[in-house]
Every structure is written in C-alpha cells, then in structure tokens.
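Residue strings, one per chain:
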Amino acid sequence: QVQLVESGGGLVQAGGSLRLSCAASGLTFSTNAMGWFSQAPGKEREFVAAVTRHSNTYYADSVKGRFTISRDNAKGTVYLQMESLKSEDTAVYYCAASPARYVTVTSASEYPNWGQGTPVTVSS
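In this report, we go over the structure that sits alongside the text. (Residues numbered from 1 in each chain as written. Predicted model: local features only at pLDDT ≥ 70, side-chain atom pairs only at ≥ 80, totals over all residues. Heavy atoms only, no water.)

1. Remarks on the side chain of S98
As a reminder of what qualifies: Secondary structure is summarised from DSSP: a helix means a run of H or I of at least four residues, a strand means a run of E of at least two, and numbering begins at the N terminus for each. Polar contacts here mean pairs of N or O atoms no more than 3.5 Å apart (in protein, one a potential hydrogen donor and the other a potential acceptor; neighbouring residues in sequence count only if both atoms are side-chain atoms). Residue contacts are counted whenever heavy atoms from the two residues lie within 4.5 Å of one another.
Inspection of the secondary structure puts S98 in strand β9 (residues 91–98). There is a polar contact of 3.4 Å between the side chain of S98 and the backbone nitrogen of A100. Excluding residues that lie within four positions of it along the chain, S98 makes contacts with T31, N32, A33, V103, E110, Y111 and P112.

2. Here we look at the sheet that holds strand β8 (residues 77–82)
To be explicit about the condition: Between any two strands, pairing holds if DSSP finds at least two bridges. Comment: axis = line fitted to C-alpha atoms, over the contacting stretch for helices; angle = value between 0 and 180 degrees taken between N-to-C directions.
Spatial strand order, β1-β3-β8-β7: 4 strands in an open sheet with antiparallel pairing. Since the sheet does not close on itself, it has two edges, and those belong to β1 (3–7) and β7 (67–72), each with one partner. This sheet shows a mean twist of 15° between the axes of neighbouring strands, independent of strand direction.

3. Things to note about the nonpolar core
Cut-off, in case you're wondering: Nine residue types can take part in a nonpolar core, namely buried Ala, Val, Leu, Ile, Met, Phe, Trp, Tyr and Cys, and a core is a set of them joined through side-chain atoms within 4.5 Å. Each residue is assigned to one of three classes by its accessible area relative to the maximum for its type, calculated with a 1.4 Å probe on protein chains only: buried under 20%, partly exposed between the two thresholds, exposed over 50%.
If you look at the biggest cluster of nonpolar residues, it comprises 34 residues, and the most contacted ones within it are M34, W36, V78, L80, M82 and Y93. Contributions of two or more residues to this core are made by β3 (18–25), β4 (33–39), β5 (46–51), β7, β8, β9 and β11 (118–123). Leave out the neighbours within four places in its chain, and M82 touches G16, S17, L18, L20, R66, F67, Y93 and V120.

Below you can see the structure in the form of structure tokens.
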C-alpha cells in the first residue's frame, strides 16, 4: 500500500520560507517521478514542481527561482524548499508519485498516488 505523508506546512509571513517534506512508503521510491501540486480555495489543483527518476527538475513559471524540489532516495523523501513566499502561494500542497517510465510530470492525471496535503498560508 502506497503512502505519501506531507509535512512542513504552516503560517508564514510574506517573504518568508518553508520547507515541505513528503515521506513515501510502499513503493520503489527511486523509480518514481515525484511532484508537488497546490490547490487554493475554489481553484483547480495546479502543478508546482516535479523531479523525475533521473533527478531532472521542472517548475511552474510562477515559482521558478523561488522554489526548489529535491529528492533523497535513501530516505524515500522528496522536499520542496519555498523561498520568498507570496500571499498567492497560499494553498494546500500535495505530494504525488508516479511509477510510470514516461510521465508528463506537469499533469496531475499522470500521478496515481497522492498524499493528504499540507496547508501553507502566507500572510501579507
């Protein structure tokens, strides 16, 4: 049974930083593409960042230069370092995993496994 458990969300002032973590179990972590998606109230779930099994990284334009995704295969964990946070970053952040060999990492439908989400609130 695949489990993805996010942590690290919270309340932060604009300009501040947070680091989200997602601990995975029940899967062969190193062969999964891992993604972070966000969902603000009343909005669709959106792509934030992804890291492939080969450690190639991809970012939404809105977070480029501010967020960094990384993975630790030994720990089965993916991280999202969030810097220079803005009020528009406020959302629930979800971790997702896909074992497929070829994945369109920006598409939520490509990920069969999801965490429960961790809320991030940025106050202005």
